[in-house]
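Chains, contacts and geometry: an overview
Chain by chain, the residues:
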Amino acid sequence: MPNFTVLAKPIDMSGGFKDFFDTIGLTGGGLVTKGIAAVIAVIAVRMLLQLSNDPKSALQKGSMAVGTLFVAVILALYGDTLFSTVTNAKS
């Protein structure tokens, strides 16, 4: 009989999406902020690809696109921490 190697321990996923998000370390709010950051990053890359040939306007639009991409990266990295203070506020 072959000897099988266990690659991962079994996890009970009967709780649905909550169990899945707990295993990957994301909450619902964290997933939403990652999704928003991804959409903003796609918009920033699109802005970079639509630069014109005029150097002045290209520099202006390019710097705006880089700033938008920076906001998307910061939101992806720290968005769950930034918004956790809003959702967990106590009166």
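Structure: see above.
A few points on the structure. Bear in mind the structure is a predicted one, so any value in this text is a computation, not a measurement.

Quick look at the overall build of the protein chain
Along its length, the protein chain carries 3 helices and 0 strands. Written out in order from the N terminus, the α and β elements of the protein chain read α-α-α. Counting only contacts in the protein chain whose residues sit at least 6 apart along the sequence, the fraction spanning at least 24 positions is 47%. Surface exposure of the protein chain reaches about 7,500 Å², of which carbon and sulfur atoms provide 69%.

So, a nonpolar patch on the surface
A contiguous nonpolar patch, built from Val73, Leu77, Tyr78 and Leu82 and spanning about 410 Å² of accessible area, is present on the exposed surface. In this fold, Tyr78 is placed in helix H3 (residues 55-87).

Things to note about the environment of Lys34
In this structure, Lys34 sits in helix H2 (residues 28-49). Given a relative accessible area of 33%, Lys34 falls into the partly exposed group. Distance in space between the C-alpha atoms of Lys34 and Asp80 is 8.4 Å, their sequence separation being 46 residues. Separated by 2.7 Å, the side chain of Lys34 and the backbone oxygen of Ala76 make a polar contact.

About the thresholds
- Residues numbered from 1 in each chain as written.
- Predicted model: local features only at pLDDT ≥ 70, side-chain atom pairs only at ≥ 80, totals over all residues.
- Heavy atoms only, no water.
- Helix = DSSP H or I, 4+ residues; strand = E, 2+ residues; numbered from the N terminus.
- Contact = heavy atoms within 4.5 Å.
- Areas by Shrake-Rupley, 256 points an atom, 1.4 Å probe, with all protein chains shown as cover.
- Patch = residues over 30% accessible without salt bridge, like charges linked within 9 Å, V, L, I, M, F, W, Y side chains within 5 Å.
- Salt bridge = Lys/Arg side-chain N within 4 Å of Asp/Glu carboxyl O.
- Buried < 20%, exposed > 50% of the residue type's maximum accessible area, 1.4 Å probe, protein only.
- Polar contact = N/O pair within 3.5 Å; in protein donor to acceptor, adjacent residues only side chain to side chain.

Purely spatial values, then, with no claim about function.
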